[in-house]
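# Coordinate inspection notes
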Amino acid sequence: MEDKTAIVTGAGRGIGAATALLAADHGYGVCVNYLHNEAAADDVVRKIRERGGRAIAVGADVSVEADVIDMFETSDKELGVLSALVNNAGILAPQMRVDAMNAGRIDRIMRTNVTGCFICARQAVKRMSSAYGGKGGAIVNVSSMASKLGSPGEYVDYAASKAAVDALTIGLAGEVAAEGIRVNAVRPGIIYTDIHASGGEPGRVDRVKAGVPMQRGGHPEEVAEAIIWLLSGAASYSTGCFIDVSGGR
Ligand code: NAP
């Protein structure tokens, strides 16, 4: 199998963990990034190694430029030439209306969900682009259906951050299309992960699922399948596009 390397941000839990595991099954050496939960990231690495794959866990806050630079350098040294980036790390904050939000909260969401994606994408382009002597590659951004729905009464700041991720996807795709890099995104709907607890409602998926045409929440593995397809050669003529993984909502 050809040597491929992927960095998956926020890969200790949820959609990132499912993506890291599936990427390894598809032959990628995987840099499993995490913020605080080292044990969860180590567990993903252990599972990949048990299946005969290559993986390392790297702690880095994607909203901190120096951390991101160090993470990419560690991946270069330990896993080799980068061929894929999954910009997955993302956060939300407790549900509230816009008229209750303070600037600190909004900045925190934007730094992780937007600035983090930009900085990671920049580091990937510098390695993959033919303009820098690279061999090409693929980037998948994990956006959200919130970018289209706006999340009223819950987290409009989060929804706006994901709209920015959509614009990054389209704009960056145009910049690097002729340099061997494809940039696409997935927009998950409501997926069973820990993120809803950080919004203050661990049971949110089950509350909202009746409004989903498919009448159920999604699973991280279902999002991972779309991400891995977009990274793969099977998606060779797709760039600047989106796969909604949302049960029809
Ligand atoms: P999750 O279960 O809460 O996991 C988030 C992961 O991101 C964790 O591994 C966490 O690390 C990591 N992380 C958070 N902040 C980080 C930072 N600053 N730097 C590096 N890593 C960081 O979340 P999820 O539901 O899988 O969400 C993954 C992505 O899908 C996010 O972008 C989210 O917005 C998007 N999404 C999710 C849903 C959904 O319903 N779940 C729907 C639409 C979009 P630690 O483990 O160290 O804390």
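Scroll up a little and you will see the structure.
Note that this is a predicted model, so its numbers are computed, not measured.

## Things to note about the site of the ligand
Residues in close proximity to the ligand total 31 residues, the closest being His36, Asn37, Asn88, Tyr158 and Thr193. Between the ligand and His196, the relevant distance is 3.1 Å, taken from an oxygen atom to a side-chain nitrogen or oxygen of the residue. In isolation the ligand exposes 900 Å². Once the protein is present, 95% of that is buried. At the level of secondary structure, the elements contributing two or more residues to the shell around the ligand comprise helix 1 (14-25), strand 2 (28-34), helix 6 (156-176) and helix 7 (195-198). Across the shell around the ligand, the residue classes break down as 13 nonpolar, 14 polar and four charged.

## Concerning the sheet that holds strand 6 (residues 181-188)
Strands sit in the order 3-2-1-4-5-6-7 across an open sheet of seven strands; the sheet is parallel. Strand pairing shows two members of the sheet lacking a second neighbour, strand 3 (55-59) and strand 7 (242-245), which therefore form its edges. Averaged over all pairs of adjacent strands, the angle between their axes in this sheet comes to 15°, without regard to strand direction. The sheet contacts of helix 4 (residues 103-128) involve strand 4 (84-87), strand 5 (137-142) and strand 6, and relative to strand 4 the element is tilted by about 175°.

## Quick notes on unusual backbone geometry
At Ser151, a position not held by glycine, the phi torsion is positive, near 50°. Mapped onto the elements, Ser151 comes out in the loop between helix 5 (146-149) and helix 6. The exposure class assigned to Ser151 is buried, which follows from its relative accessible area of 9%. Even without a glycine there, the phi angle at Gln215 is positive, about 65°. For Gln215, the location among the structural elements is in the loop between helix 8 (204-208) and helix 9 (220-231).

## Examining the pattern of salt bridges
Counted under the stated rule, the structure contains 18 salt bridges. The partner of Asp43 in a salt bridge is Lys47, and the shortest N-O contact between them spans 3.5 Å. Placement of both Asp43 and Lys47 in helix 2 (residues 38-50) is noted, with a separation of four residues, approximately one turn of the helix. Asp244 serves as the salt-bridge partner of Lys148, at 3.7 Å between the closest nitrogen and oxygen. You can see Lys148 sitting in helix 5 and its partner Asp244 sitting in strand 7, a full 96 residues away along the chain. Here the residues in one salt-bridge network are Asp43, Arg46, Lys47 and Glu50, joined through shared partners.

What counts and what doesn't
- Residues numbered from 1 in each chain as written.
- Predicted model: local features only at pLDDT ≥ 70, side-chain atom pairs only at ≥ 80, totals over all residues.
- Heavy atoms only, no water.
- Near = heavy atom within 4 Å.
- Polar contact = N/O pair within 3.5 Å; in protein donor to acceptor, adjacent residues only side chain to side chain.
- Areas by Shrake-Rupley, 256 points an atom, 1.4 Å probe, with all protein chains shown as cover.
- Helix = DSSP H or I, 4+ residues; strand = E, 2+ residues; numbered from the N terminus.
- Nonpolar A, V, L, I, M, F, W, Y, C, P; charged D, E, K, R; others polar.
- Pairing = 2+ DSSP bridges.
- Axes fitted to C-alpha atoms, helices over the stretch in contact; angles between N-to-C directions.
- Contact = heavy atoms within 4.5 Å.
- Buried < 20%, exposed > 50% of the residue type's maximum accessible area, 1.4 Å probe, protein only.
- Salt bridge = Lys/Arg side-chain N within 4 Å of Asp/Glu carboxyl O.

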